[in-house]
Amino acid sequence: MKLMPCPINGLRNISEFICGGEVETMPDPSTGSDQEWAEYLFIENNTKGVVREWWMHTPTSYWFIAERNTETEEIIKTYPASDIFKQRVDFTQNKS
Amino acid sequence: MPFSLLKYGFSKVHPSERHFQNLAELKSSYDVVIVGGGGHGLATAYYLAKQWGITNVAVLEKGYLAGGNTARNTAIIRSNYLTPEGVRFYDESIKLFQNLSNEFDYNILYSERGHLTLAHTDAAMRTSRWRAEVNKHLGVNSEVVYPDELAKLCPHLNLSQKVRYPIMGALHHPPGAIARHDAVAWGYARGASDRGVEIHTHTEVTGFNFENGRVIGVKTNRGDIRCGKVLQAVAGLSSEVSKLAGFKLPIKSIPLQACVSEPVKPFLDIIVVSGSLHVYVSQSSRGELVMGSASDPYPLYSTRSTLEFKEELMMHLLELFPFVGKLKLLRQWAGTADMTPDFSPVMGITPIQNYYIDAGWGTWGFKATPVCGTRMAETLATDKVPDLIKPFELERFYRFDQLGERGAASVGH
Ligand SMILES: Cc1cc2nc3c(=O)[nH]c(=O)nc-3n(C[C@H](O)[C@H](O)[C@H](O)COP(=O)(O)OP(=O)(O)OC[C@H]3O[C@@H](n4cnc5c(N)ncnc54)[C@H](O)[C@@H]3O)c2cc1C
């Protein structure tokens, strides 16, 4: 059994988690071009090596960040998303 | 046992025909370099030589011949897809497959058995009807069947209502088949090699050379070579190789596992798939049950096997065929599947001039080997993307024009 260290639930079977994909910078909601959105949504780095990804612990719906190696399957560290996302995205500015 | 076989068995030398020439040196230049010596790369080389007379071609394979996903798949061939674009494309492949043994003069053990996609929910029944209609409209034989007919088509299938997910019906696709995957690759390799194509194994592509935005050469672990055109056909390593060329793909590399049981007497002649239960099974000509499931839950460049995969697979398989509970597993393995978000491939031109791609074959690309070969050869030879594969171009993601095949490809392979 492969274990994933969840920042709030501790070590759990990895089958309790969903991988949400690479952490990428979202295009600006107001000014992002179609090209930028297509790349953000569909195009992947698909890195062979160390990646930084969104993961969710399904039973508790808790999203966090995991760094892991996609060649060795080693999970290097996990931490709350708030460690890197300091500000909420403000969508209200897009009302135009 | 015939005496000659006995003699052969006890002999110290086991002469067998080579499938391709063993070449010592790379030439300094080729018209076409194909990166990846799996089924797709070899088929393209074969049709380049056979249909277009282009023989100054090198297939470069970093490992041994066709040891990637071509060697690891469960060999299901079918054309009962969901989108008209998909159905047309895979149907051309089936037609090529049906004549391949004759064309090669080499037996690929093509075995037409019929294919059942079981439905356990209203939603799955709806998808079955949808697929049947699209298929029939395009002349592909598919029909929705109900439990009474299923009992005849697959007498051992557990049709009891007293299970967690009772079977409501199925999509029946009589042309569904399996073939010997290695023989397909070897047949293409031999046919290409006989016509002058060079196949270099243990030759890894490590980079490319460019001039004014066009590719003009390939770097390998055995030195640099010049080339007119490049085709990349490297499946699980698609993103890594395209990065060497300078562009990214809508692909995640995710393991797909499979396993076979010990051999038993024939009892299952049809291929059985359940998308809802994430299981598919067929019985090989050796008597083994060949089994698989959906791809792994997260991306990984590794071909390890897991217990979770087998636990889930067996849990569902036992519901369909309870009596296989006593069978032992014989082998397990995995391949790295190049998964696209819409379960359709990425084929055709790329942002780099003279650099072509055949990727995004995920869990479903063995059946497409012949059609990829002919159509990629046509693309390279004519510099024009044939209409049949136009819908699969990389550009579709930038136009938000995906080709959703999830309903027909996610577990069905
Ligand atoms: C377990 C499993 C079951 C499957 N079942 C089915 C099925 O039932 N039906 C179906 O239709 N499909 C199935 N598939 C999918 C199918 O196997 C693949 O889509 C298909 O074989 C891809 O063929 P290919 O020639 O593109 O890739 P491959 O056979 O993987 O060949 C690519 C080659 O490129 C080489 N390569 C990579 N990088 C380099 C480099 N830098 N330089 C040189 N060479 C390089 C690799 O070594 C490899 O040999 C399955 C796959 C798996 C893993």
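Residues numbered from 1 in each chain as written. Chains lettered and ligands numbered in written order. Predicted model: local features only at pLDDT ≥ 70, side-chain atom pairs only at ≥ 80, totals over all residues. Heavy atoms only, no water.

Caption draft 1: Representation of the pairing of strand E18 (residues 346–349) of chain B. Residue and element names in this part refer to chain B. The sheet contact formed by E18 and strand E19 (residues 355–359) spans 4 bridges and is antiparallel. Its bridge partner being in E19, Met347 is matched across the sheet by Asp358. Hairpin connection of E18 to E19: 5 residues between the antiparallel strands, including Asn354 at a positive phi of 65°. (Pairing = 2+ DSSP bridges. Helix = DSSP H or I, 4+ residues; strand = E, 2+ residues; numbered from the N terminus.)

Caption draft 2: View of the interface of chain A and chain B. On the side of chain B, 23 residues touch chain A, which itself brings 26 residues to the contact. Interface area for chain A against chain B, summed over the two sides, is near 2,100 Å², with a carbon-plus-sulfur share of 57%. Broken down residue by residue, the surface that chain A buries against chain B is led by A:Phe42, A:Ile43 and A:Asn46, which jointly contribute 31%. Between chain A and chain B we count 1 salt bridge in total. A salt bridge links A:Glu73 to B:Arg304, with the shortest nitrogen-to-oxygen separation between them at 2.9 Å. Inspection of the chain A/chain B interface yields 12 residue pairs in polar contact (both at pLDDT 80 or more). Here the element with the most residues in the side of chain A that touches chain B is helix H1 (residues 34–42) of chain A; it accounts for 7 residues. In the side of chain A that touches chain B, the residues fall into 9 nonpolar, 8 polar and 9 charged. (Contact = heavy atoms within 4.5 Å. Buried area = accessible area lost by both parts, 1.4 Å probe. Salt bridge = Lys/Arg side-chain N within 4 Å of Asp/Glu carboxyl O. Polar contact = N/O pair within 3.5 Å; in protein donor to acceptor, adjacent residues only side chain to side chain. Nonpolar A, V, L, I, M, F, W, Y, C, P; charged D, E, K, R; others polar.)

Caption draft 3: How the structure looks around the site of the ligand. Residues and elements named next belong to chain B. Surveying the vicinity of the ligand reveals 36 residues, the closest of which are Glu61, Asn69, Thr70, Thr74 and Lys367. At 2.8 Å, a backbone N or O of Lys367 approaches an oxygen atom of the ligand. Here the ligand, which alone exposes 1,000 Å², has 97% of that area covered by the protein. Elements represented by at least two residues in the shell around the ligand include exactly helix H2 (39–52), helix H3 (69–72) and strand E13 (252–261). With 3 residues, the top contributor of residues to the shell around the ligand is H3. Residue classes in the shell around the ligand are distributed as 16 nonpolar, 15 polar and 5 charged. (Near = heavy atom within 4 Å. Areas by Shrake-Rupley, 256 points an atom, 1.4 Å probe, with all protein chains shown as cover.)

Caption draft 4: View of the pattern of salt bridges. Residue and element names in this part refer to chain B. Under the criterion given, the structure shown has 19 salt bridges over all chains. Here Glu103 ties to Lys50 by a salt bridge, and the two come within 3.0 Å at their closest N and O atoms. With Glu103 in helix H5 (residues 100–104) and Lys50 in helix H2, the pair connects residues that are 53 residues apart, well separated along the chain. Look at Glu103 and you get partly exposed, because its relative accessible area is 27%. (Buried < 20%, exposed > 50% of the residue type's maximum accessible area, 1.4 Å probe, protein only.)

Caption draft 5: Expanded view of the state of the cysteines. Residues and elements named next belong to chain B. In this structure the tally under the stated criterion is 0 disulfides over all chains. With no disulfide of its own, Cys259 lies 18 Å from the sulfur of Cys154, the closest cysteine sulfur. Relative accessible area serves as the criterion here: at 0%, Cys259 is assigned to the buried category. (Disulfide = S-S within 2.5 Å.)

Caption draft 6: Region of the structure containing the environment of A:Ile84. All names here are of chain A. Checked against the element boundaries, Ile84 lands in the segment after strand E6 (75–80). Using a relative accessible area of 30% as the deciding quantity, one classes Ile84 as partly exposed. Taking the C-alpha atoms as reference points, Ile84 and Ile14, separated by 70 residues in sequence, lie 23 Å from one another.

Everything listed here is a matter of geometry and, on its own, says nothing about what the molecule does.
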